[in-house]
Amino acid sequence: MVLSELEKQRLKNIERNKKALQEFQLREASNLAFEEGKSNKGSQNNATLGVSSSKSKRKANVDPPPRRIRNLRKHGINEEDRKKYLDTPVSDSAKPDKAENTRKEGELKAKDLIQNQQFDQALAVMQQFREISAGDLFDSDAPVKNKDIGELRSKMLDLVADERNIKIIPERITTMCFHPSESKTIVFAGDKVGNVSLWDASMEEDKGLISFNFHSRNITNIVFDRNESQKVFTSSHDQSIRVLDLEHQKSSEICVLDGDESNGITDCHISGNTMYYSTLSGLLGRQDLREKPSIKHKTLTLSAKKIGGFSINPANDFQIATASLDRTMKIWDLRNPPAADYDYDYSALITGVYNSRLSISSTSWNNANQIVCNGYDNTINIFDVDNLLDTPIVKTELSIEPKIEKDSEPSIEEIQPEASYVSLEPKVRLQHNCQTGRWVTILKSRWQEMPKDGINKFIIGNMSRFADAFVGNGEQVAHLSTDQMTAVPAACSFHRSENWVVGGNSSGKVYLWTNEKLTDTQ
């Protein structure tokens with residue numbers, strides 16, 4: 001590259017200035033080093049002789065000395081910057097803070113401890129741990145204290161997954177269950193728009209698939225009568241409960257609620273000849289299956305907010321446990337509830353309450369008097385309520401005015417009784433991610449109703465695309481998945497007595513685990 005005369009002259013000036021600056025910096029550095037060495041030597045001699053000079057005493061009362069720097073060439077300091085630097089006294093902010101070396105005590109917030117103020121970035125990292133479930137840490141080789149649980153875990157590990165990856169219902173599956181039959185594997189599913197499907201998994205592909213559409217909104221539960229297994233009961237947000245008679249091939253209404261959408265039915269269960277159901281408005285209703293369907297029903301006001309689900313004590317059907325949007329799980333005694341001169345029964349007696357940080361999604365009660373519940377606080381809680389019946393109950397009267405007209409319904413604040421109850425604490429608490437969001441069905445833990453092996457266990461979907469099974473002491477016995485599982489099996493269920501598991505996802509597909517291959521096409 002050819003340089004112009006102007007560029008050549010500019011380069012010569014740069015070299016000349018560099019040499020002049022280097023010579024100046026070397027002289028200044030030499031003078032500074034000589035002065036500092038001289039002063040240090042004098043102070044060392046005085047300290048050795050035990051003499052305190054008047055000069056050192058005066059220094060104690062003057063301002064701190066200006067900054068000094070030896071290697072000027074290294075830092076590239078010119079004459080003007082050097083003067084500014086040397087004339088600047090050492091500030092307090094440059095001194096080390098003694099608080100940094102002090103031990104921190106008490107409870108500290110993370111945002112006060114994170115360095116460089118990168119709290120948002122750190123929060124994103126820490127929140128990942130909230131998405132971890134206890135089931136994700138399952139170790140199939142971990143030792144177990146109970147021999148029966150060890151055998152159960154081995155059997156669950158040997159379950160065979162159905163590989164057909166079949167879609168049995170059009171929309172997002174909201175509930176699933178097995179037919180009680182032990183001779184055939186029959187699965188029922190309900191979706192968010194009111195479809196109900198029956199799938200005989202022992203038949204090839206779609207040959208055993210039947211779909212019905214007798215509801216108009218979200219199917220909330222599918223249950224069977226123990227004495228009449230040919231009858232399938234379904235509840236829905238369309239304010240109705242219907243029964244499908246497979247033998248006579250017809251569907252009939254069991255219960256129809258009037259009013260607006262707040263009377264949508266959220267759950268249903270059968271005990272004896274009585275159908276129990278809960279609603280979006282916090283009511284619990286009962287319908288005798290031997291009576292004709294009626295629009296008006298006697299209901300119990302149990303919550304000011306939605307009851308997401310409930311369960312009945314298998315040993316005492318007058319005891320129920322409700323999971324509510326009001327962040328509580330309550331246990332109720334339905335015997336002799338407070339009565340009033342209305343078309344409704346108002347409230348019942350509370351025997352136990354568990355308060356959660358966030359809303360509770362479901363409860364399930366097993367035959368060993370254990371209740372499992374889970375909710376949006378990302379925990380699964382197992383309660384032992386075996387001695388709850390021994391708790392003294394204080395019967396209360398309604399606090400409403402007796403002169404209220406019969407056609408008017410008092411508010412919940414007027415009718416809520418103040419009963420004595422037990423504050424429940426979980427016997428076992430497990431970490432479990434329950435943040436399903438909008439497009440995934442709410443996760444619900446459900447006990448196996450009548451386990452043939454005598455071991456109580458429950459199943460729940462895992463947001464990491466697994467189905468997790470636990471026993472009553474919190475030990476995990478299964479962490480089920482398949483290669484075909486591309487979505488969360490949010491709606492999970494055990495067979496009533498066999499150790500079969502089924503799970504349904506948001507696209508209407510099901511995942512099935514049984515003891516053996518069901519067809520030769522797998």
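As the structure is a computational prediction, the values presented were derived from the model and not from experiment.

Peer 1: Help me get a handle on the overall build of the chain, residues and values and all.
Peer 2: Within the chain, the regular secondary structure consists of eight helices and 29 strands. Residue pairs at least 24 apart in sequence account for 54% of intrachain contacts in the chain once pairs closer than 6 positions are excluded. Summed over its atoms, the accessible surface of the chain is roughly 29500 Å², and 48% of this surface lies on carbon and sulfur atoms.

Peer 1: Hey, could you go over the sheet that holds strand E10 (residues 265-271) for me, with residue numbers and the actual values?
Peer 2: Hydrogen bonds between backbone atoms are what pair the strands of a sheet, whose relative direction is either parallel or antiparallel. Strands sit in the order E10-E11-E12-E13 across an open sheet of four strands; the sheet is antiparallel. Bordering the open sheet on either side are E10 and strand E13 (299-301), each of which pairs with just one other strand. On average, each strand axis in the sheet is inclined to that of its neighbour by 20 degrees, with strand direction left out of account. With three bridges joining them, strand E12 (residues 283-288) and E13 adopt antiparallel strand pairing.

Peer 1: Run through the confidence of the model for the chain, naming residues and quoting values.
Peer 2: For the chain, mean pLDDT is 80; residues scoring 70 or higher make up 69% of the total. For the chain, helix H8 (residues 412-415) is the element with the lowest average pLDDT, namely 44, and strand E23 (residues 446-447) is the one with the highest, namely 97. Confidence drops under a pLDDT of 50 for residues 46-60, and excluding neighbours within four residues, the segment shows three contacts in the predicted structure. Within the model, the stretch residues 392-413 combines pLDDT values under 50 with 39 contacts to residues more than four positions away or in other chains.

Peer 1: Any details on the packing of aromatic side chains? Residues and values, ideally.
Peer 2: The relation between two aromatic rings is expressed through the spacing of the ring centres and the mutual angle of the planes. One pass over the structure, following the stated rule, counts six aromatic pairs. Relative to phenylalanine 224, the ring of phenylalanine 188 lies with its centre 5.3 Å away and its plane at 70 degrees, an arrangement referred to as edge-to-face. Taken together, the positions of phenylalanine 188 in strand E3 (residues 186-191) and phenylalanine 224 in strand E6 (residues 219-224) put the pair 36 residues apart, joining distant regions of the chain. Exposure class is identical for phenylalanine 188 and phenylalanine 224. Each is buried. Ring geometry for phenylalanine 212 and phenylalanine 214: centres 6.1 Å apart, planes at 40 degrees, overall tilted. When its relative accessible area of 18% is taken as the criterion, phenylalanine 214 is described as buried. The lysine or arginine in question, lysine 457, covers the ring of phenylalanine 494, its NZ or CZ lying 5.8 Å from the ring centre.

Peer 1: Give me the lowdown on the environment of glutamate 516, citing residues and values where you can.
Peer 2: Along the chain, glutamate 516 falls in the segment after strand E29 (510-514). Separated by 357 residues in sequence, glutamate 516 and leucine 159 have C-alpha atoms that sit 7.1 Å apart.

Conventions adopted
- Residues numbered from 1 in each chain as written.
- Predicted model: local features only at pLDDT ≥ 70, side-chain atom pairs only at ≥ 80, totals over all residues.
- Heavy atoms only, no water.
- Helix = DSSP H or I, 4+ residues; strand = E, 2+ residues; numbered from the N terminus.
- Contact = heavy atoms within 4.5 Å.
- Areas by Shrake-Rupley, 256 points an atom, 1.4 Å probe, with all protein chains shown as cover.
- Pairing = 2+ DSSP bridges.
- Axes fitted to C-alpha atoms, helices over the stretch in contact; angles between N-to-C directions.
- pLDDT = per-residue confidence, 0-100.
- Phe/Tyr/Trp six-rings, centres within 6.5 Å; stacked < 30°, edge-to-face > 60°.
- Buried < 20%, exposed > 50% of the residue type's maximum accessible area, 1.4 Å probe, protein only.
- Lys NZ or Arg CZ within 6 Å of the ring centre and 35° of its normal.

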